[in-house]
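Architecture and fold: a report
Residue strings, one per chain:
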Amino acid sequence: MERTAAAAAGSVAWQPWSAAAFARARAERAPVLLHIGAAWCQWSERMSRTTYRDPAVCRLVERAFVPVRVDADRRPDINERYNLGGWPTTVFLTPAGGLLGGETYVDAARMTALLERVAEAFARRRDEVDAPRTTPPAGRSSDPPASGRDLDGWLEQHLLERFDPQHGGFGTAPKHVHAGAVRFALRRSGAAGGRLREAASRTLDALGWGGLYDDVGGGVFRYCAASDWTAPHVEKLLAVNASVLDLLLEGSVVLGEPRYRERAAHLLRYVVGTLADRAAGGFFASQHADPGYYATPAAERDRLTGPPVDRSVYAAGTARMAGALLRAAEVFGDSSLLEFAATSLERVAGETYERGGGVAHAVGDGESARGLLADQVAVSDALLDLHEATERDVYLDLAQELMRFCLRALWDAGRGGFVDRVVAKDDVGLLREPLRPFAVNCTAVRVLARLDRLTGRDDFRERAAATLASLLPGARRRGVDAAPWALAAMELAD
């Protein structure tokens, strides 16, 4: 649809993020309006239905902006760089991709005022703001030098200080699933005595039986706004459900509590029934938020159609859930779960792997982002789980190949560790500035340590140790989210 026709029809002629969109912005000397939404987000949907259907908004966008829409799940690399703290995010950019400003959700009246102000300011200062902007390099951490053992001891104490003994979880409102912290508490529950065991058990109870859990249909919501695990935000994301399923299964083994096993079975039924692509393998990305549906009494909910599911299949999300299914197959003695995990990982590899280029982010999307660190690491981790479950070398070989790609293309030779993506020639703005994701690098350490044990290749261990060391400065500033570092150190020490 042409721009003028789109505005006349009461809609915005969105373009995907591409070099062509920014080339057009340069040619027209116009700012870019970037909308970052998510398929599961009710506020993204509302803004699309209201703000971007408002005739005045559509005319202003058509007249003075190049509009670009990005799905946060489909392009996590763009979301990581431009998200302003929530979904939807509304960002104004220069034709070079530099930040002009922005907000999150914006109603039609405010958007009209914003568009007018940004267009006027850009026209007045076009030559100044149109130049590429470089984000200043991050300063060095101010944390005092510390050893891994120092961090390990500090983390134990910090988790106990942040643990909420009344409601479970760590910290106050809002309450999120801190999977690394719970897993660390589980693995130290015997050595550190009863307090970490209590923290792990009380938090698992909150995750499985508090407001985060859909007791009627199964599944886990994204997070809870209140400290007592009430007021949930009711979208269901694959990654969150994979984390909680895996934690419940580990809790059932480590703590010997049958209720965690039973709750895991309930959650598994939701995953298989709603998020699994049972025909082709893989797992769907999310189920949409619908507060009205979840507020309906249980006896009446069966009469309603459930919220829609985003049927996109992403490499990292499918890999994480496949790993949880492999643990479930072992706990429940169910070979069908192992078989589906294998089918899912084989689909990701078969449909997205490119020799020398790693796996792509989205299955069934020929233009999907390729070579993202999170995808390579998550798929490698799950492939090693599958190799250990089946003893098939093909899974080990592919895991090695994906991590070799990371070492060739994503290794940060200056600081150690990995950057999140390969910079392409036609990248613009902040995509030209690689990030070093903390949690994903910690998982990469664990994967490299496992590869070292399985292959005896010293270079895997050397890179794992270098990555771990590069992450230590500043780790304490992450609070409870420093736990993945400690888990990676445990793996490397084994």
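Right above here is the structure, for reference.
Read on for a plain summary of the structure. (Residues numbered from 1 in each chain as written. Predicted model: local features only at pLDDT ≥ 70, side-chain atom pairs only at ≥ 80, totals over all residues. Heavy atoms only, no water.)

**Focus: the environment of Ala-493**
In this fold, Ala-493 is placed in helix α21 (residues 483-493). On the basis of relative accessible area, Ala-493 is assigned to the exposed category, the value being 67%. Here the alpha-carbon distance between Ala-493 and Ala-465, two residues 28 residues apart in the chain, equals 9.9 Å. (Helix = DSSP H or I, 4+ residues; strand = E, 2+ residues; numbered from the N terminus. Buried < 20%, exposed > 50% of the residue type's maximum accessible area, 1.4 Å probe, protein only.)

**Observations concerning the sheet that holds strand β7 (residues 236-237)**
Reading across the sheet, the three strands line up as β7-β8-β9 and stay open at both edges, with antiparallel pairing between neighbours. If you trace the sheet from one side to the other, it starts and ends with β7 and β9 (309-313), each paired once. Relative to β9, strand β8 (residues 284-287) runs antiparallel, the two being bridged by three bridges. Paired with Phe-284 across the strands is Val-313, a residue of β9. (Pairing = 2+ DSSP bridges.)

**Some details on helix α18 (residues 393-409)**
Between its first and last C-alpha, α18 extends 24 Å over 17 residues, near the 24 Å set by a 1.5 Å rise per residue. By the burial criterion, the buried members of α18 are Tyr-395, Leu-396, Leu-398, Ala-399, Gln-400, Leu-402, Met-403, Arg-404, Phe-405, Cys-406 and Leu-407. (Expected span 1.5 Å × (residues − 1).)

**Regarding unusual backbone geometry**
Cis geometry marks the peptide bond from Trp-87 to Pro-88; its omega dihedral reads -5°. Structurally, Pro-88 is set in the loop between α5 (76-82) and β3 (89-93). For the peptide bond that leads from Ala-173 to Pro-174, omega is -10°, which places it in the cis range. Counting through the fold element by element, Pro-174 comes out in the loop between α8 (148-162) and α9 (179-187). With a phi angle near 60°, Glu-391 is a residue other than glycine that sits in the positive phi range. Take Glu-391: it is sitting in the loop between α17 (373-390) and α18. Note on Glu-391: relative accessible area 67%, which makes it exposed.

**Overview of the environment of Glu-250**
Relative to the assigned elements, Glu-250 resides in helix α11 (residues 238-254). A residue is classified by how much of its surface remains accessible, and Glu-250, at 5% relative accessible area, is buried. Each C-alpha atom of the pair Glu-250 and Arg-183 lies 8.1 Å from the other, and the pair is 67 residues apart in sequence. Those residues in contact with Glu-250 that sit more than four places away from it in its chain are Arg-183, Leu-186, Arg-187 and Arg-327. A distance of 3.0 Å separates the side chain of Glu-250 from the side chain of Arg-183, its partner in a polar contact. (Contact = heavy atoms within 4.5 Å. Polar contact = N/O pair within 3.5 Å; in protein donor to acceptor, adjacent residues only side chain to side chain.)

**As for the packing of aromatic side chains**
One pass over the full model with this rule turns up twelve aromatic pairs. Taking the centre distance of 5.5 Å and the plane angle of 50° together, the rings of Trp-17 and Tyr-82 count as tilted. A residue pair is termed long-range when its members are at least 10 positions apart, and Trp-17 in the loop between α1 (3-8) and α2 (19-28) and Tyr-82 in helix α5 qualify at 65 residues. Overall, the relative accessible area of 0% leaves Tyr-82 in the buried class. A centroid spacing of 6.1 Å and a plane angle of 50° characterise the contact between Trp-209 and Tyr-260, whose relative ring orientation is tilted. Of this pair, Trp-209 sits in helix α10 (residues 194-209) while Tyr-260 sits in helix α12 (residues 258-275), and the two are 51 residues apart along the sequence. Residue Trp-209 is classed as partly exposed on the basis of its relative accessible area of 39%. Feature note: the residues Trp-17, Phe-22 and Tyr-82 constitute an aromatic cluster, connected by ring pairs. One Lys or Arg, Arg-46, reaches over the ring of Trp-43 and ends 4.2 Å from the middle of that ring. Over the ring of Trp-411 we find Arg-463, and its NZ or CZ is 4.6 Å from the ring centre. (Phe/Tyr/Trp six-rings, centres within 6.5 Å; stacked < 30°, edge-to-face > 60°. Lys NZ or Arg CZ within 6 Å of the ring centre and 35° of its normal.)

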